[in-house]
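Fold and contact review
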Amino acid sequence: MLENPIILAALISFVLGLVLSGLARVVPGSTIASAVLPIIFLASYVLTYQQVPDFPPIGATNKIFYIALAAALVGFALDLLPRTANYRKLLAAIMPLLIVGWIGFPRFAKLDIELTATALGLWLGGTALLWRLDTVATTSAERNGGSIVGTAVLMALMLAFAPVALLGGSSTSLMLCMAAVAGLAAVALWELILPRGAFGASAVFGVGGGLLAMIDTVTLITRQVDLSALALLLLIPYAGEIGARLLMPPKRFRGRVRQVLVGTLAALPILLVIAVLFLRHPESLS
Amino acid sequence: MRLTLASVSMITALLTSATAGRAADYAIDPTHSHILFTIEHLGFAKIVGLFTDFNGNISFDANNVPGSKLNVTIKTDSLQTQFAPRDKDLKGADWFNVTEFPEMSFVGTDFVKKDDHTGTITGKLTLHGVTKPVTLNVVVNKVGQNPLDKIDSAGFSARGTLKRSDFGMKTYLGAIGDDIDLIIEIEAKKKS
């Protein structure tokens, strides 16, 4: 089983998540514990591509690493500063535009309507995802948010994007998603046992930015992605909240129990993504 | 009169010799040329791929091999491996990345003659935005007039190996081989 590079990378990432997230709990506060999430993403990248790419990076896949790294560092700085809510929202709007611009740069010399619409969709969609992740990160645990929901949403986004990437001509993105999900699962496990609120700006922008870079690479550079299935990813950050309001009265479900249930509901759109892929690409999934 | 004939003979001989010493310029004939590669898959088999769209020029003189020239440009989007989903993957950002790197090129820099029919060409291969030296073992199959179209032609077979990791292509190293074996068959026609 360990001969399968995806399973091996996922296992290493999970162990790394357990160790780093466990060690981070020795330090008081959530800043260091939150930084473990982008470290896991970057480690998953290295496990997948078997390199730390040269700087400046040549090619979109190499840019993913530096986008995640830069976003994590900016997020980490925001975590250290007081009263950064406005800056975080501004970053949630600007960062997806910068990512689309840098990843898609080689194509923008021949800008047409289709490319413009796709780039615009990626920017606005990316903004919606980061904005929502930031809201989840800064919402108190009692109101459905918190570290477990945030981590679960990131995991659900990656699990949903993995088959989209596979059919979009990037089995490597699938491997990166799987490795990152395994590592994030280890963090979520620690959060259940010994909560630290480990979902700050470094996690939102580091992992979220890395994920957006992956999505933009498959969409703009590999250019085989199913845009309908990709658009369904936007449901994931909202599914938990909406489901919770419909199904779980706050009086009956509180605290971490509620977070786990909301996090689980966030994963439901994955089934929708897979169903759409099955319907639209039956030959590829048979 | 005898003197004149001797002069003409000498001039003809000199001209012939001068022509023989000048390299002829050829253009690759894509209809009779092939650029293939093989790469190991999980240790079981070697996958064969080929590029169907390429062009290039050769300047070759059998009597002055080191003075030869070679440049080949390959359209990466023309990659085929006889399995469409794999082709889609290979053309994507993780492998050949045809959007950002639509061409790969080889420019010969060092031509070494071993014997009348074999030699090596070392050149600069640019792939995936990275340029590295690659050496090809070359067999000169035939240089002469094509009996069908009467155009002077030259045919070469070349073999070589490169490591894809040298060009930053490290996807699934271990499962998918690092060594890429090149199989190149070229027929080139003399430019008019």
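Because the structure is predicted, anything quoted here is derived from the model rather than measured. (Residues numbered from 1 in each chain as written. Chains lettered and ligands numbered in written order. Predicted model: local features only at pLDDT ≥ 70, side-chain atom pairs only at ≥ 80, totals over all residues.)

Further remarks concern the overall build of chain A. The secondary structure content of chain A amounts to 13 helices and zero strands. The order of helices and strands in chain A, counted from the N terminus, is α-α-α-α-α-α-α-α-α-α-α-α-α. On C-alpha atoms alone, chain A measures out to a radius of gyration of 18 Å, which is about the 19 Å that the 2.2 N^0.38 rule sets for 286 residues. Across its three principal directions, the C-alpha atoms of chain A cover 50 × 45 × 40 Å. For chain A, buried positions account for 54% of its 286 residues. Sequence-distant contacts, at least 24 apart, represent 81% of the contacts inside chain A between residues at least 6 apart. (Helix = DSSP H or I, 4+ residues; strand = E, 2+ residues; numbered from the N terminus. Rg over C-alpha atoms; globule rule 2.2 N^0.38 Å. Buried ≥ 20, exposed ≤ 12 C-beta atoms within 10 Å, placed from the backbone. Contact = placed C-beta atoms within 7 Å.)

Attention shifts here to the overall build of chain B. Across its full length, chain B carries two helices and eleven strands. Going from N to C terminus, chain B has its helices and strands arranged as α-β-β-β-β-β-β-α-β-β-β-β-β. Per-residue burial over chain B gives 28% buried out of 192 residues. Considering only contacts in chain B between residues 6 or more positions apart, those separated by 24 or more positions represent 54%.

A few words now on the environment of L124 of chain A. Residues and elements named next belong to chain A. Take L124: it is sitting in helix α5 (residues 113–138). Residue classification places L124 among the partly exposed residues on the basis of 15 C-beta atoms within 10 Å. Linking L124 and A93, residues 31 residues apart in sequence, is a C-alpha distance of 7.9 Å.

The subject of this paragraph is unusual backbone geometry. As a rule of thumb, non-glycine residues mostly have phi less than zero, and peptide bonds are mostly trans rather than cis. Here the bond from F55 of chain A into P56 of chain A is cis, since omega is 0°, no more than 30 degrees from zero. One non-glycine residue with positive phi stands out, namely L42 of chain B, at about 55°. Under the C-beta neighbour-count criterion, L42 of chain B is labelled exposed, with 11 such atoms within 10 Å. Despite not being glycine, K150 of chain B shows a phi value in the positive range, around 65°. Looking at K150 of chain B, the number of C-beta atoms within 10 Å reads 8, which means it is exposed.

Moving on: the pairing of strand β10 (residues 152–163) of chain B. Every other side chain in a regular strand lies on the same face of the sheet, so the side chains alternate between the two faces. Residue and element names in this part refer to chain B. With nine bridges connecting them, strand β9 (residues 130–145) and β10 associate as antiparallel partners. Paired with L136 across the bridge in β10 is G160. In this structure, the hairpin formed by β9 and β10 is closed by a connection of six residues, where K150 is found at a positive phi of approximately 65°. Bridge analysis of β10 against strand β11 (residues 176–190) gives eleven bridges, and the strand direction is antiparallel. Within β11, the residue paired with A154 across the bridge is A188. (Pairing = 2+ DSSP bridges.)

Before going further, it helps to examine the nonpolar core. Core analysis: the largest hydrophobic core is formed by 102 residues, its most contacted members being A68 and F161 of chain A. The biggest single contributor to this core is helix α6 (residues 147–167) of chain A, with 16 residues. Non-local contacts of A68 of chain A, meaning those with residues more than four positions away in its chain, are made with P38, F41, L42, Y45, G206, G209, G210 and A213 of chain A. Formed by 34 residues, the second largest nonpolar core is a distinct cluster that contains F37, F54, F111 and I121 of chain B. (Core = buried A, V, L, I, M, F, W, Y, C linked by C-beta atoms within 7 Å.)

Turning next to the packing of helix α3 (residues 60–80) of chain A against helix α4 (residues 85–104) of chain A. Residues and elements named next belong to chain A. Running from N to C, α3 and α4 point in directions that differ by 165°, and their axes come no closer than 11 Å. Viewed along their axes, α3 and α4 adopt a mutual orientation that is roughly antiparallel. In terms of crossing hand, the pair formed by α3 and α4 is right-handed. Taken together, the residues of α4 that come into contact with α3 (itself represented by A60, K63, I67, A71, V74 and L78) are Y87, R88, L91, M95, I99, W102 and I103. Considering only residue class, the contact of α3 with α4 consists of eleven nonpolar, no polar and two charged. (Axes fitted to C-alpha atoms, helices over the stretch in contact; angles between N-to-C directions. Parallel < 35°, antiparallel > 145°, perpendicular 65-115°, else oblique. Left-handed = near helix turned anticlockwise from the far one by under 90°. Nonpolar A, V, L, I, M, F, W, Y, C, P; charged D, E, K, R; others polar.)

A word on the environment of L233 of chain A. All names here are of chain A. Looking at the element boundaries, L233 is found in the loop between α9 (227–231) and α10 (236–247). Each C-alpha atom, one on L233 and one on L272, is 9.5 Å from the other, the two residues being 39 residues apart in sequence. In contact with L233, not counting residues within four places along its chain, are L157, A160 and F161.

Listed by partner, the interface residues are 19 residues for chain B and 21 residues for chain A. Among the residues forming the side of chain B that touches chain A, the class breakdown is five nonpolar, eight polar and six charged.

Quick look at the environment of G208 of chain A now. Residue and element names in this part refer to chain A. Assignment of secondary structure puts G208 in helix α8 (residues 201–222). Measuring from C-alpha to C-alpha, the distance between G208 and A71 comes to 8.6 Å, with 137 residues separating the pair along the chain. If we ignore the near neighbours within four places in the chain, the residues touching G208 are L129, L130 and L133.

Take the packing of helix α1 (residues 5–24) of chain A against helix α2 (residues 31–49) of chain A next. When two helices pack together, their arrangement is captured by the angle between the axes and the distance separating the axes. All names here are of chain A. Put simply, α1 and α2 touch, their axes get as near as 10 Å, and they point 160° apart. Here α1 is positioned roughly antiparallel relative to α2, judged by the angle of their axes. Between α1 and α2 lies a crossing whose hand is right-handed. On α2, the residues that touch A9, I12, S13, L16, G17, L20, S21 and A24 of α1 are I32, A33, V36, I39, I40, A43, S44, L47 and T48. A class-by-class count of the residues in the contact of α1 with α2 yields twelve nonpolar, five polar and no charged.

Residues and elements named next belong to chain A. Its 20 residues place the ends of α1 28 Å apart at the C-alpha level, agreeing with the 28 Å of an ideal helix rising 1.5 Å per residue. Among the residues of α1, those classed as buried are I6, A9, A10, S13, F14, L16, G17, L20, S21 and A24. Tucked inside the fold, the buried residues of α1 contact α2 and α7 (171–193). (Expected span 1.5 Å × (residues − 1).)

Any functional reading would require information beyond the geometric quantities listed.
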